[in-house]
Structure formats: C-alpha cells, structure tokens
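# Observations on chain architecture
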Amino acid sequence: MTQAGQIHRRGRGITFAALLAAAVLIAGGAMPGGAVAVSAPATGAPATHAPAGTLLAQKPADKKKPAEKQNPAETKKPEQTYSSAADAEKDCAGDNTDARIKGCTFLIDKAKLPANRLAAALAVRGYAYLAKQERNRAILDFDASLKAVPDQLQVYLYRGLAYRLIGDYPRAIADFTKAIALDPKSAGPYADRGMVLGANKENERALADFAKAIELAPNDAFTYAARGALYAGQEKDDLALADYNKAVELNPKDAGVLRERGNLLLSVGEHDKAIADFNQSIKLYASDWRPFRDRALAHAVAGNYSSAIADLDTLAKAYSTFAEVYRIRAAIQEKLQRNDLALADFGKLLEINQSDVGALIGRSRLLAASGKAEQGLADAEKAVELAPDRAEAYLGRAFVRARLKRSDDAIKDVDIAVALDPAGATVRIDAATVLLELGQHAGTIANLNLVLESAPGNAQALEKRCSAYAALGDKARALADCQKAIVIRPSVESYLLRSSLQTRPILAVLDLNQARMLNPGLAAAQNGLKGVIANATKTIEAKPASEDGYAIRGWAELVLGQSKEASDDLSKAAELKSKDGYVYLGLGILSQLDGKADATVPLYDKAIELDPLLGDAYVRRSVLRAHSSKHGEALVDLAEAWRLNPESRRQIKPLINQLLVLSTVQMRMQPNNVSLVIGRAMGQAALGEFDKAITDLDKAETMTPGSAEILLRRGQVYQQKGDRARAIANLEKAQAADPGNGRIKSLLEEVRKSGG
C-alpha cells in the first residue's frame, strides 16, 4: 500500500470525555458527576504529514531505528504526582500527549474508577501511545479498555489502526469487521478495512469495501485516496489518477494526497504536473520533508538537475544526518560527472554510518572511474566483507578490479553476483558494465539481451548495449539503441554516445548540445563542439566553397551562443546554394532571436521544403503560428513534429494541450474555419484520441468535400490508429484528388509496405 494508505481519517480524534460518554451509553447507565467536558484536542488523529511550520520542525524517520525498541510490558510508567483525581483528569482530557499518559495513568492506577470510566481512561492512554508510535503498548491499553467495557466502536477502530501499523493484518481486519457490525451505516470502518485488505493483497475484497464506503459517504476524500493508492499499487494508473483527482477535488488541502498524486504523475512521465502537486504539498505543509525529496526526484527525472540539487541542499541544511538526501544528491552529481561533489556526498554518508554498504560501493566505483582504483579497492573489499550475500557488493569490487586490469578476479566477482541474483535486471546491467570495461562485448550484449527480453523499455540497458555495439563497430545497431534510450529517458551519456555515431556532423553537434543542456558544465560536450569548429575550419580552408563546412561550423557556433559568427557562416552556406534544411533552420532561429517573426516563417518553410523530416522546424514554426492566432496550422505542425521526433514528445505534449484548448475556444467564434477543425483533429490524434480526430476530419470533409489535404490527414490518423485498410482507402482518394503530391505518395507506399 502506498503512502496515501497511511492517511488517517479526519475527525476521529479521541478524547476522555467522548469515550466516557460512549462507555456510559454502552453500559446503559447515566454519566457520573465530575466528568470534564472538553473539545476535540488539537493533536487529532495520528497523521503522516507534519503540521504547518518550518522545515526543521519535522525530522525524517530513521528507517534503521524502529519507533519501539523496548518490550511494551517493560515500558516505564510516568511519575504519578497528582494530589487529586480532578487534576489528573484534566491532563488525561487535555491536548498534550505526554500529559495525557501521565494523567490517565494516575486515574487508572490510583483513582479506583468504575468500569466505564476506567475503559475511557485506558482508551485515551492507548490513543496517546499510538500517537507516540508505541503501537504495541497502545494495543495493551485498548485490550484492557475492551475487557472493562466491550463493544466500544472507537476503540475497535483505533486498535485496528494499531494492528495495521504493526503489520498484523488479520487482527486489524477482525477489529474493523467488529466496528462494521457495531455501526454498519458508517463509511469509515469499511474504508479502514479496505486499506488493510489491500495491504494484505486481498484486492477484490478491498475494492468492495471501498465501493461500500463511497456508497455510504460519496463525498469522503479519504476513501477515494485510499482506493487510488490500491489502484496505483496494481499499476492501474488511469483508475488511480481518477480517484486521486476526486480526492483532491473534495479536499484540495490534503498535502499527503497531493504528494501521492504527484508520485503517480511522475511515474507516468507527467513531470510538470507532478512538480505542481509537490509545490502545493510543500505550500500546505512546509514542515514535511517528503515532498521536497519527491520534487527533487521529479526535477532529476525531468533533467532539471540544478532544481533537484537545490531541493536536496535545502533538506541537507535542515537534516544534516538524513542519509537519503546525500544518496540521491550523490547519484545526481555522478550523473553530471561532478565526481568531487559526488565523492563528498558518499563521504558524508559514511560519516553518518561507516557500515553503509551502498555508500562504500558507490564511492569505490567512483574512485575507480576517477583514476583512483587502488583507493576504491579498499571500500570495495569492505563492502564485500559487510555484505557477503549481496550481488551489488561483488559487482562493485568487480568494477574496481576491472579498472586495475585484474580481469580474472573481476570475472569471478561477476559470476558470484549473477549466481546470487540471476533474475535481477540491475545485476545484469552492472555485470554488463564490468564486462564492457574488460572488452568482453559478447558477454556484455548477452546480459543486456536478457534484461531487454523482459523489459524492452529499460533505457539503461539500451544505453549500455549501444556502447557495446559501438565498440564492435556495429554503428547501425548502436545508433538504434541510443535513439530508443533517448526517447525513453534522455541522458548525458546517451547523447554523447549518439553524437559519436552520427553520420551527419550537424546531428552530432545537436546531440552535443543536448548533452550540454542536461549538464551545462560538461567538459566533454564543450570540447566536442570546439573540436567540430576546428575541423570545419580546416575543411573551409581546404575548400573555401564548402557549404557543408560553413553549415557545420555555423551550427556549432549557434549552440555555443556565438550568434554573429553563426549568422555569417550559415548565410554563407545559403549563399553557396546549400540544400541542407538545417542551414535555414539555423537562420530561422537567429532571425527569431532577433524578433523578426515575419522574416522567420519563410526560413522555416524553406527548411521543411528541403527536409520534410526536420521535426524541430515544425515545432518552431508552430510557435510563430500560435502567436499569430493560427492555432489550427500550429497544431498541424506540432502533430507532424510529434510523429517525426518521438524523443521531443515530452516537450511537445504541453504545447499541444494548450493549443487544443485555444483552438476549441476559437472554433466557437469561427465554426466554419476548416484549418481549426483539421488542426484540432491532428492534435487529438497525436495524443491518441483517434476517434475524436476522425470525427473532426469527417466534419471538415463536409465543409470542403474531396479535399486532398483532409483525406491525407484522415489517412494519417487511421494509420496511427492501426486501421491499415481505412488508411489506404483515404490515401488513395487523396492521391486521386492530387496526383502530384509527394507527401501522399510516400505515405501511401509506407502504409502499403507495412502490411508485408
């Protein structure tokens, strides 16, 4: 069960007066005099998110230190210093948890209470222990309370919660079942039991309980959040998101649910929406460390490493001994090739815990990669000594030994690691990394093939296999793997690898620029671009009329921010009648930077005319068209870019969504604007909404019957939908309407060939 499953129902804070009243009613007697009537305490029910306050107010839980170390039977009782039962009763009914325990203990031990009041005091003290995470101790009090007065609904609910928190699911289910029997019309016990059933992998029963809870209380945000957590655990992302959305709609100030929805959005690649949820969670509860950590991870996944590090820096300042912060930050610094900073974070981890095996492995590998393999070996040996049953320890040592050219020892470690965890994808990828280091390319590829057979979308495995194929000189396979890896998860390593494989120097320049954008301080990318300029200059010196030399140098200068030099070189390439669409794309970018919108569009038009597959030209032209309120044409451009350049879809998708809204609004004012209808159709198709797209294109055809453009677009949509027969039928009609259209001819050939 995910974190949303830990959110406890609001409004069930337990008070001495409330339980006393319940106990009296159960016993069938009148409330005795002297009861203190108090309002619900501010502390409320146990919560997983902290109250509002400063970040320093809430310390992350130390997973290595359980909340309860002692035997609950041996818990030292607080001092009993009350002069009268009335004073003790005030504390027992108060807001302070420790004072509650002290006051209730005095009443239980000294006051000789009747059964109903004894049951109430025991229940309140049990709740106080529960709030202090002393769950077993709380259960003892709840047991005693129920022994004194059976059938107390609230006590069953809280004992069920305590059992759930210690992982005793059968007893938790039994207590919530008893609560349901006592109050079958209350939604809460059904939702509580549903959570435990879900945690116990009894998913169908859990869903039935959640459905009953929603039937009884359709506006209860808690139940939607709990069911959303169950769906998320089953990887039913659409159902989970719908429930989280409903929970947030009903209770927009629940920081915990916002964080859970953010994590779900992050898992499906909606980085911006995830970050927005984490931002709101932080705004609501600035004292909770978790949304800071989750936002850092979201920034890192989205490639915004500086923002990720900023969040981790904030946490490190607040919690100097919180290991998770340094572990995540070390991984990011290592990815950015800031080895000194990563080593410092590994060092901090080992200051916190000198037996941290993960930190020892990480530091050993990084030292080896930094040319300090002898130093790294000491860490690697210690990791194996501490964790002789962990595959990653042997793989860490194998990597260091490989750097030390101790091939036989490294291979022995790899064999031990794989034997310990033969099905582990991470183990296989790390084994492949060591074998690649040793030049054993066949073994590298064999291990990665095993990973990719079960997980074809594993970007890390694709990236490593790209390296292996490149080392073997198989550029075609290497390039294909790198391209797949970049579409799934863009990384500095993949872009650098692909840049070395590109057959066109301009494409290599673009890859170096992408790597530099992910890591602005990356020396390899910077040096690579300078090398491109030097080589292009030699080409120009040898052949002054080389349009390719000017085009390549111009693009390298453009991405380095040398606008004047780039403009001169790209203009010279155009003057020499270059047929390279990138020349005009570069000139368009420079013109757009100068704010010359009218002069820019023809340059993008020329780029597309020369190279119809140039996705970036469509994206940039779409922006200019959108600024001119040509939303339909802008959407057509974005849909074409979506089709041509899958690795840019993360950036394109928000633009399409925004323009779909704008085009729909514009269509209300211009219902006969065919361009808007076609544009909206292609935007919907790009997002997979094929039926909506076809409906719009059918409407467009009624407005302009026989249009080759509409038939072409409808053929494209049917092709995307996988309906080959209808795609061919529409494209054949389009070709008949416009026989000389090369786009229609090429797409028709492509669709026909796709059938074998």
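The preceding data block contains the structure.
Below, the structure is looked at part by part. (Residues numbered from 1 in each chain as written. Predicted model: local features only at pLDDT ≥ 70, side-chain atom pairs only at ≥ 80, totals over all residues. Heavy atoms only, no water.)

Here we come to the pattern of salt bridges. What the rule picks out here adds up to 60 salt bridges. Among the salt bridges present, the one from lysine 178 reaches aspartate 151, with a minimum N-O distance of 3.3 Å. Of the two residues, lysine 178 is situated in helix H7 (residues 169-182) and aspartate 151 in the loop between helix H5 (135-148) and helix H6 (153-165); the sequence distance between them amounts to 27 residues. Residue class for aspartate 151 comes out partly exposed when judged on its relative accessible area of 34%. Across the pair aspartate 616 and arginine 620 runs a salt bridge, and its minimum N-O distance is 3.1 Å. (Salt bridge = Lys/Arg side-chain N within 4 Å of Asp/Glu carboxyl O. Helix = DSSP H or I, 4+ residues; strand = E, 2+ residues; numbered from the N terminus. Buried < 20%, exposed > 50% of the residue type's maximum accessible area, 1.4 Å probe, protein only.)

All right, on to the state of the cysteines then. As used here, a disulfide is simply a covalent bond connecting the sulfur atoms of two cysteines. On inspection of all chains with the given rule, the structure shows 2 disulfides. One disulfide in the model links cysteine 92 with cysteine 104; its S-S distance is 1.9 Å. Between cysteine 92 and cysteine 104 the disulfide shows an S-S torsion of about 85°. By sign, it is right-handed. Remark: cysteine 104 occurs in helix H3 (residues 97-110) and cysteine 92 occurs in helix H2 (residues 85-92); sequence separation between them is 12 residues. (Disulfide = S-S within 2.5 Å.)

The subject of this paragraph is the nonpolar core. In terms of nonpolar packing, the biggest core is built from 75 residues, with Trp555, Leu585, Ile656, Ile678 and Val717 touching the most fellow members. Leaving out residues up to four positions away in the same chain, isoleucine 678 has contacts with Val636, Leu697, Ala700, Glu709, Ile710 and Arg713. If you look at the next biggest cluster of nonpolar residues, it comprises 60 residues, including Ala296, Leu315, Ala359 and Ala431. (Core = buried A, V, L, I, M, F, W, Y, C linked by side-chain atoms within 4.5 Å. Contact = heavy atoms within 4.5 Å.)

Within the chain, glutamate 235 stands out as a residue other than glycine whose phi angle is a positive 60°. Topologically, glutamate 235 is positioned in the loop between helix H10 (221-233) and helix H11 (237-250). Take glutamate 235: its relative accessible area is 66%, and that puts it in the exposed class. For lysine 405, which is not glycine, the phi dihedral falls at a positive 65°. Secondary-structure assignment places lysine 405 in the loop between helix H20 (391-403) and helix H21 (407-420).

Glancing now at the packing of helix H19 (residues 373-386) against H20. Viewed as axis vectors pointing N to C, H19 and H20 meet at an angle of 160°, and their least axial separation amounts to 9 Å. One way to sum up the angle between H19 and H20 is to call them roughly antiparallel. The two elements H19 and H20 cross, and the hand of that crossing is left-handed. Across the interface between the two elements, Ala373, Gly376, Leu377, Ala380, Glu381, Ala383 and Val384 from H19 touch Ala393, Tyr394, Gly396, Arg397, Val400, Arg401 and Arg403 from H20. Of the residues contributing to the contact of H19 with H20, the split by class is 8 nonpolar, 2 polar and 4 charged. (Axes fitted to C-alpha atoms, helices over the stretch in contact; angles between N-to-C directions. Parallel < 35°, antiparallel > 145°, perpendicular 65-115°, else oblique. Left-handed = near helix turned anticlockwise from the far one by under 90°. Nonpolar A, V, L, I, M, F, W, Y, C, P; charged D, E, K, R; others polar.)

With that settled, the discussion passes to the environment of lysine 484. Relative to the elements of secondary structure, lysine 484 occurs in helix H25 (residues 475-488). The spacing of lysine 484 and alanine 459 is 25 residues in sequence and 7.4 Å in space, taken between C-alpha atoms.

This part covers the side chain of aspartate 254. With respect to the helices, strands and loops of the structure, aspartate 254 is situated in the loop between H11 and helix H12 (255-267). Of the polar contacts made by the side chain of aspartate 254, one reaches the backbone nitrogen of valine 257; its length is 3.3 Å. (Polar contact = N/O pair within 3.5 Å; in protein donor to acceptor, adjacent residues only side chain to side chain.)

This paragraph deals with the environment of alanine 208. Relative to the helices and strands, alanine 208 is located in helix H9 (residues 203-216). Residue classification places alanine 208 among the partly exposed residues on the basis of a relative accessible area of 47%. Considered as a pair, alanine 208 and glycine 194 are 14 residues apart in the sequence and their alpha carbons are 7.7 Å apart.

Taken together, the side chains of Val661, Val665 and Met669 make up a nonpolar region of the molecular surface, amounting to roughly 300 Å² of accessible area. Within the element layout of this structure, valine 661 appears in helix H35 (residues 649-669). Here valine 661 falls in the exposed class, since its relative accessible area comes to 54%. (Patch = residues over 30% accessible without salt bridge, like charges linked within 9 Å, V, L, I, M, F, W, Y side chains within 5 Å. Areas by Shrake-Rupley, 256 points an atom, 1.4 Å probe, with all protein chains shown as cover.)

Further remarks concern empty space enclosed by the protein. For the structure on display, the rule yields 2 cavities of 30 Å³ or more. Grouping the constituent residues of the lining of the largest cavity by class yields 4 nonpolar, 2 polar and 2 charged. (1 Å grid on protein atoms, 1.4 Å probe; cavity = no way out; pocket = protein on both sides within 12 Å on 5 of 7 lines; lining within 4 Å. Points joined across faces, edges and corners; volume = space filled by probe spheres on them.)

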